[in-house]
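Spelled out from the first residue to the last, the chains are:
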Amino acid sequence: VANANKDKALKNSERNKAIEYFVESANINPHDARTYRLLSQTVLTELAYDLKNGPKKDESRENYNARLQNQIASVVNIALRATNVNPADSQNWINRGLIYENLLTLVGGADQAAVNSYNESLVRNPADPATHLRIGNVYLTLADIQQGAVNNPKNQNIDFVAARKQINDNLAKAEDSFKKAISLYNNFGQALYNLAVVYDRENKLPD
């Protein structure tokens, strides 16, 4: 019955209805981590939609913000359940890392939580180049966010020396992660491309 509900969720084009089926599936069989992974990804998609489209008609800003906070808390909690149900499965940790990665600009500490989750995945599957790519993506995104803050003329009180050091540190960590991915799979196009992006940011165009 749990699998039947999960199948209904996967086939349903309405996210709210799909979420209901996933929840029903998890309630019937709370020991299937796959359901939590799929549910967390669906809730994350719904959160992205709501962030893009703003409050619903006749919805106050306060209720809208509260709804977003509930969605953020829910998506994190669901991803945590997957790793609690089956901590030996690297895919559960990758999913948890992806959830945190998508919350970088919304939740404080999401960057380190994402990296920690990806590292837990590598403990279970150390030969996965894609996980090193994802860690590099986190650090590259952080560097770009920090560079944007430095370039913003409204940020008059920013410590530019400290900010530049953080940017350089994150670019170095991104470079290291992309190189690890390439060492495991030397024809990994996305890792090669992202490494080139890091070199571009570091003004190492010949590299």
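Procedures and definitions
- Residues numbered from 1 in each chain as written.
- Predicted model: local features only at pLDDT ≥ 70, side-chain atom pairs only at ≥ 80, totals over all residues.
- Heavy atoms only, no water.
- Helix = DSSP H or I, 4+ residues; strand = E, 2+ residues; numbered from the N terminus.
- Expected span 1.5 Å × (residues − 1).
- Buried < 20%, exposed > 50% of the residue type's maximum accessible area, 1.4 Å probe, protein only.
- Contact = heavy atoms within 4.5 Å.
- Core = buried A, V, L, I, M, F, W, Y, C linked by side-chain atoms within 4.5 Å.
- Phe/Tyr/Trp six-rings, centres within 6.5 Å; stacked < 30°, edge-to-face > 60°.
- Lys NZ or Arg CZ within 6 Å of the ring centre and 35° of its normal.
- Axes fitted to C-alpha atoms, helices over the stretch in contact; angles between N-to-C directions.
- Parallel < 35°, antiparallel > 145°, perpendicular 65-115°, else oblique.
- Left-handed = near helix turned anticlockwise from the far one by under 90°.
- Nonpolar A, V, L, I, M, F, W, Y, C, P; charged D, E, K, R; others polar.
- Salt bridge = Lys/Arg side-chain N within 4 Å of Asp/Glu carboxyl O.

(A) Structural view of helix α5 (residues 90-101). With 12 residues, α5 ought to run about 16 Å at 1.5 Å a step, and its terminal C-alpha atoms sit 16 Å apart, in line with that. Burial of α5 is extensive: 10 of the 12 residues sit out of reach of the surface. Regarding α5, the residues found buried are S90, N92, W93, I94, N95, R96, G97, I99, Y100 and E101. Of the surrounding secondary structure, the elements contacted by the buried residues of α5 are α3 (33-53), α4 (61-85), α6 (110-124) and α7 (129-151).

(B) Structural context of the nonpolar core. Counting residues in hydrophobic clusters, the biggest one holds 51 residues, and the most contacted among them are V75, L103, L140 and F178. Listing elements by their share of this core, those giving two or more residues are α2 (15-28), α3, α4, α5, α6, α7, α8 (160-184) and α9 (189-201). Sequence-distant contacts of V75, that is, excluding residues within four places in its chain, are made with S40, V43, L44, I99 and L103.

(C) Representation of the packing of aromatic side chains. In this structure the tally under the stated criterion is one aromatic pair. The side chain of R15 reaches across the aromatic face of Y49, ending 4.9 Å from its centre. Taking NZ or CZ as reference, K17 lies 5.7 Å from the ring centre of Y21, over its face.

(D) Quick look at the side chain of N5. Locating N5 in the fold gives a position in helix α1 (residues 2-11). Exposure remark for N5: the relative accessible area of 10% places this residue in the buried category. Excluding anything up to four places from it in sequence, N5 contacts Y21, E24, S25 and I28.

(E) Just the environment of V1, in detail. With respect to the helices and strands, V1 occurs in the segment before α1. Given the relative accessible area of 74%, V1 is considered exposed. Separated by 26 residues in the primary sequence, V1 and N27 have C-alpha atoms spaced 11 Å apart.

(F) Geometry of α3. Relative to the 30 Å expected for 21 residues at 1.5 Å per residue, α3 spans 31 Å between its end C-alpha atoms, a close match to the ideal helical length. Within the sequence span of α3, burial applies to A33, T35, Y36, R37, L39, S40, T42, V43, L44, E46, L47 and D50. On its buried face, α3 is in contact with α1, α2, α4 and α5. Backbone geometry just downstream of α3 places G54 in the positive-phi region, at approximately 75°.

(G) Representation of the environment of K17 in the model. Following the sequence through the fold, K17 ends up in helix α2. Sequence separation between K17 and L122 is 105 residues, and the spatial gap between their C-alpha atoms is 34 Å.

(H) Local environment of the packing of α5 against α6. The N-to-C vectors of α5 and α6 enclose an angle of 165°; their axes lie 8 Å apart at closest approach. Relative to α6, α5 is oriented roughly antiparallel. For the pair α5 and α6, the sense of crossing is left-handed. Residue-level inspection shows S90, W93, I94, R96, G97, L98, Y100 and E101 of α5 in contact with α6, the latter providing A110, A113, A114, S117, Y118, E120, S121 and R124. Per-class residue counts for the contact of α5 with α6 are eight nonpolar, four polar and four charged.

(I) A look at the pattern of salt bridges. Enumeration according to the criterion identifies 14 salt bridges in this entry. Among the ionic pairs, D32 bridges to R34, the shortest N-O distance being 2.8 Å. By relative accessible area, which is 11% here, D32 ends up buried. The exposure class of R34 is partly exposed, given its relative accessible area of 43%. The structure contains a network of salt bridges with shared partners spanning K6, D32 and R34.

(J) Just the side chain of R67, in detail. Topologically, R67 is positioned in helix α4. The buried category is assigned to R67, whose relative accessible area is 18%. Apart from residues no more than four positions distant in its own chain, R67 is found in contact with D50, K56 and E59.

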